[in-house]
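# Residue-level structure breakdown
As a plain string of letters, each chain reads:
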Amino acid sequence: MKKIFLIILVLVANFVQAQRTVSGIITDKSNVPLEGVTVNVKSANIKTLSDANGKYSIEVPAEYKILEFGIKKFKLQEVEITGDIINITMSALDDEVNLFELNLEELMNIEVVTATKKGEKISDAPATVRVITEEQIKLFGWRDLKDVFRAIPGIDVSYDVQGEIRTLVTMRGVLGNQKLLILQDGQMQNPITGERFVFGNNIPLNLYKRIEIVYGPSSALYGADAYAGVINLITKSGSDFDGIETNVGYVSTNAYVADVTFGNKISENTDLVMGGRIYNGEDFKLYEHYKDMLDYGSVGNYSGNLAKQDKSFPIKNWNLFTKLKYKKLTIGGDWQHEYESQAMSTIPSNYAYTSEDVWSQDLRHMYAKYDIISNEKIDFNATVTIGDYTVNPTSNFTIVNGSLTDADRQFKYAYSSYIQGLIQNSWNISDNLSLIMGVSYADVKSFPKTQNLENPFTPGGKLEDNLSYFVDNQGYVFGKIGLTDSIFGERNYSNFGSFIQSQYKMTKYLSLTVGARYDYNTIYGSTFNPRAGLVFTPAKRISIKGLFGTAYIQPSNYYRWENWANPFAMHIPNENIKPEKIQTMEISGSYFINDYASISMSIFRNDMTDVIRPIPAATQAGNYPYYNPYRTLIGESVNTGFVEINSNSGSMYSQGAEIEFNFRLRSFGANVAYSYVAGKDNDDGSNIPKVSQNKLNANLFYKGQKFYASLSARYYSDIQASTTNSLYGTGGAQEGSKLPGSTIFYANAGYNFTKSFSISVSAENLFNTKHYGAAPYAESIWIQPRAPQPLRVIFVGVHYRF
């Protein structure tokens, strides 16, 4: 018995020596204790959770040397065991995330919110998602959202086009700025009435912690206009600024940029951000460099009063932003004022290249969100949003007379406002099952864009547009049979939406997402949009996704009642257009080769039906003529000339693939992405327009503690023109040809003198290469067949933080 007792004592002693107790406190960067952090002994099935005070204690066998600390919304951290007390400060995933400095497991755990309206790992999201970080924005010298587009695989982009667009964006062969849903902290930025989103020098990036780009349709969650993709601009919090931050810069086109932002975590429960930016000066005078008569050569033929006018392209933009978070309540607001030239890519013998030819608009939003219940299981909140959109009375088309000696301004105006409510609940039912659902209601006041007005519209009065000038002798407006009401007023409506989505983790490696949304609109009726996603992660380094989704573009009042006329062409309303629809299937995958390199690939197909686009107006019954009184200004009959109308004109498809390789070693990195897209218009068999089939983006960069620099190249092959293109389309002088492709280089460099003071210099189109992009609209009648692109632009900026 004594021997047995001795043996037991020895075994117990050895067991005690073979393991140790490690304890400590876990906090965030603000020294707030974190409850529910999983503390795991790496490579062993031993774990515990931290308590409400952030305290933990865990028994660790002697042969194990590393603890892992993990919790939702924070970076996974590994700590070597060097003592019995280990206190740790955890970093949120969105705190200055640097994609290239994270290790493999952290890359797979970056959290995004846009794909499913709730936080989840990027590898688990049932969508192809790209994250642009604050650090990347600085590294590559991007100033406005439009600058980011040139670096995104699968996007065709044309800069400096007509003022209602400014930057033409085509995503995976899906054309139209209004087909990208732009969010800011989940709040819609697009005009609610469906107007094209203007990507000019009007969306500054200094406010954003990151940008989440979701490819493909998302109407199953977001409703109308989440068609080609969703871009969510995630703003910084007050604690990210912790004081006053200012940026001042000069653009070589003769423009000045300045912003100032104040942000601070005022108390434990209160966080405030407020700031603004001014962009003032001139844009690139492309007519001084593209003098071919196919481009802007006609400007050189201006004479008389027209030749004496100022031919600068003004920019007078400003932005305001504020966000206050107090306990469970968040109140935010923004105001975007845009005033830029709209001459570019219009035909200069029709529209004057002068400083008076401008497009100006205001977008304003304010929202209040209240987190009714917010914990690990339930996130139940309610949001009320108000907003409005105004095409300012100064907006005009300056129309040139036939002798190029003078011009006459024709003004535009539009207004819409809305109030919208959203109630949303996210419920983590179990570790394997979650559900999100919501209902929304919007009440919209809409006064569509007016005809060309001789004098600026006077806001504040009755919202009416008198079209009696276009009434023919039979009483038909524009000569359109059946259209007899010459007074166009408000076209108000409301929209009800409800959605539900479930995510189920079927096995350790396989998860399924299914969801749908139903919308009812008092103008065009109901729409139903489902989605499904299957995510397979067979190994730590691999993620494979199979995705299906649908979306629709609302037949907005903008398109239903769009009308304009000039001596050369006329556009007439069509109140009977229906929603345009898209159905997308995609397979994507990513493989992290090691801690330094990764590769990803996507294959997709988009099928679009009831496509809304302008087409030549059909011949009316009995050959009844349309009526354009402006034709008399050039000595032509009022019953002649080109007439177009928006219509649901058939179907088309696009398909393609993207592959991307990322590499980083210490302070150096490289990125190469290739994308291919092609498609057909099923009506006439033509190739989808405004698309370059082959695109290549390449980036090299260096980031040290003080100095950073990047060099980027963007290659795009020849661009397919529209069949209506006046040069490359049917009947054109170069029928069957394409717009020539090109390779453009971009460079950026900066130096951080201190944590508070830095300078940067960037060059767009580094080698001053003349090149062209796709022109908007039909590429004929009043629009150039090709859009000359900016030459070299230098920017010098200074950053200071108080």
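Numbers given for residues are sequential positions, taken from 1 along each chain in its written order. Totals for whole chains, interfaces and linings use all residues, but because this is a predicted model, local features are given only for residues with pLDDT of at least 70 and pairs of side-chain atoms are given and counted only at 80 or more. Where side-chain values are given, they derive from all heavy atoms of the structure, hydrogens and water being excluded.

## Description of the overall build of the protein
Convention followed: Strands are runs of DSSP state E lasting at least two residues, helices are runs of H or I lasting at least four, and both sets are numbered from the N terminus onward. C-alpha atoms define the radius of gyration in this analysis, and the globule rule sets the expected value at 2.2 Å times the number of residues to the power 0.38. For every residue, the accessible area obtained with a 1.4 Å probe (protein chains only) is divided by the maximum for its type, and the residue is called buried under 20%, exposed over 50%, and partly exposed between those limits. Note on contacts: a residue pair is in contact if any heavy atoms of the two residues lie within 4.5 Å. Reported accessibility uses the Shrake-Rupley method at a 1.4 Å probe radius. Residues are deemed covered only where the shown protein chains occlude them. Only four residue types enter the charge count: Lys and Arg as positive, Asp and Glu as negative, with His and the chain ends excluded. By convention, the point assigned to a charge is CZ for Arg, NZ for Lys, CD for Glu and CG for Asp.
Looking only at helices and strands, one finds eight helices and 49 strands in the protein. For the protein, whose C-alpha radius of gyration is 29 Å, the value lies close to the compact-globule estimate of 28 Å for 802 residues. Dimensions of the protein along its principal axes, counting C-alpha atoms only, are 125 × 55 × 50 Å. Within the protein, buried positions represent 58% of all 802 residues. In the protein, once contacts between residues fewer than 6 apart in sequence are set aside, the share between residues at least 24 apart is 66%. Only carbon and sulfur atoms are counted for the fraction: they give 57% of the accessible area of the protein, which is about 33000 Å². Separation between the mean location of the 74 positive side-chain charges and that of the 80 negative ones in the protein comes to 5 Å.

## Here we look at the pairing of strand S43 (residues 694-703)
Rules: For two strands to be treated as a pair, DSSP must find at least two bridges joining them.
With nine bridges joining them, strand S42 (residues 668-681) and S43 adopt antiparallel strand pairing. Of the residues in S43, the one forming a bridge with alanine 670 is leucine 700. Relative to strand S44 (residues 707-716), S43 is paired through nine bridges, and the arrangement is antiparallel. Each residue of the ladder has a partner; that of asparagine 699, found in S44, is serine 712. The loop that links S43 with its antiparallel partner S44 comprises three residues.

## Examining the sheet that holds strand S35 (residues 564-565)
Spatially, S35-S36-S40-S39 is the arrangement adopted by the four strands of the open sheet, whose pairing is mixed. Lying at the two open borders of the sheet, with one neighbouring strand each, are S35 and strand S39 (612-616). Strand direction decides the pairing type here: S39 and strand S40 (residues 642-648), joined by five bridges, are antiparallel. Bridge pairing links isoleucine 615 to isoleucine 645 in S40.

## A look at the nonpolar core
Rule in force here: Nine residue types can take part in a nonpolar core, namely buried Ala, Val, Leu, Ile, Met, Phe, Trp, Tyr and Cys, and a core is a set of them joined through side-chain atoms within 4.5 Å.
One finds Leu145, Phe149, Ile211 and Ile231 to be the most contacted residues of the largest nonpolar core, which totals 74 residues. No other element matches the four residues that strand S16 (residues 208-215) contributes to this core. Beyond its immediate chain neighbours, meaning those up to four positions away, phenylalanine 149 contacts Ile155, Val157, Tyr159, Val169, Phe199 and Ile231. In this structure, Ala255, Leu286, Tyr772 and Phe795 belong to the second largest nonpolar core, which totals 24 residues.

## Description of the environment of phenylalanine 496
Tracing the sequence through the fold places phenylalanine 496 in strand S31 (residues 493-505). Exposure remark for phenylalanine 496: the relative accessible area of 36% places this residue in the partly exposed category. Along the chain, phenylalanine 496 and valine 439 lie 57 residues apart, while their C-alpha atoms are 7.6 Å from each other. Beyond its immediate chain neighbours, meaning those up to four positions away, phenylalanine 496 contacts Val439, Ser440, Tyr441, Tyr518, Asp519 and Tyr520.

## Observations concerning the packing of aromatic side chains
What counts, and what does not: Note on aromatic pairs: the rings of Phe, Tyr and Trp (six-membered ring only in Trp) are paired at centre separations within 6.5 Å, and the planes decide the class, stacked below 30 degrees, edge-to-face beyond 60, tilted for the rest. Comment: the charge-over-ring label is applied if NZ (Lys) or CZ (Arg) is within 6 Å of the ring centre and within 35 degrees of the ring normal.
Per the stated rule, a full pass over the model turns up 34 aromatic pairs. Ring centres of tyrosine 469 and tyrosine 630 lie 5.7 Å apart, and the angle between their planes is 55°; on these two criteria the pair is classed as tilted. Residue tyrosine 469 is located in the loop between strand S29 (465-466) and strand S30 (487-488), and its partner tyrosine 630 is located in the loop between S39 and S40; the two are separated by 161 residues in the primary sequence. Plain terms: the ring middles of phenylalanine 470 and tyrosine 630 are 5.8 Å apart, the flat faces sit at 70° to each other, and that makes the pair edge-to-face. You can see phenylalanine 470 sitting in the loop between S29 and S30 and its partner tyrosine 630 sitting in the loop between S39 and S40, a full 160 residues away along the chain. Judged by its relative accessible area of 1%, phenylalanine 470 is buried. You can call tyrosine 630 buried: its relative accessible area is 10%. Ring pairs connect the aromatic residues Tyr351, Phe397, Trp564, Tyr777 and Trp782, which therefore count as one cluster. Its guanidinium or amino end placed over the ring of phenylalanine 488, arginine 491 lies 5.3 Å from that ring's centre, counting from NZ or CZ. Seen from the ring of tyrosine 653, arginine 605 lies directly overhead, with NZ or CZ sitting 4.2 Å from the centre.

## Considering the side chain of threonine 527
The topology assignment puts threonine 527 in strand S33 (residues 525-539). We classify threonine 527 as buried; its relative accessible area is 8%.

## Observations concerning the sheet that holds strand S1 (residues 19-27)
Strand pairing in a sheet relies on backbone hydrogen bonds, with the paired strands running either antiparallel or parallel. Spatial ordering of the open sheet is given by S4-S1-S7, a layout of three strands whose pairing is mixed. Strands at the two margins of the open sheet, each flanked by one partner only, are strand S4 (55-61) and strand S7 (88-89). Pairing analysis gives two bridges linking S1 to S7, with the strands arranged parallel. Directly across from isoleucine 26, in S7, lies its bridge partner isoleucine 88.

## Some words on the confidence of the model for the protein
Here is the rule we go by: On a range of 0 to 100, pLDDT expresses the predictor's confidence in each residue.
Looking at the protein as a whole, its pLDDT mean stands at 92, while 96% of the residues score no less than 70. Low pLDDT (under 50) marks residues 8-17, which in the prediction has one contact with non-local residues, meaning those over four places away or in another chain.

## Description of the pattern of salt bridges
Heads up, the condition is: Salt bridges are defined as contacts in which a side-chain nitrogen from Lys or Arg sits within 4 Å of a carboxyl oxygen from Asp or Glu.
Applying the stated criterion across every chain, the model contains 36 salt bridges. Across the pair glutamate 660 and arginine 130 runs a salt bridge, and its minimum N-O distance is 2.7 Å. In this pair, glutamate 660 is assigned in strand S41 (residues 651-665) and arginine 130 in strand S10 (residues 129-133), connecting sequence segments 530 residues apart. Put simply, glutamate 356 and arginine 409 hold a salt bridge, and the shortest N to O gap is 3.9 Å.

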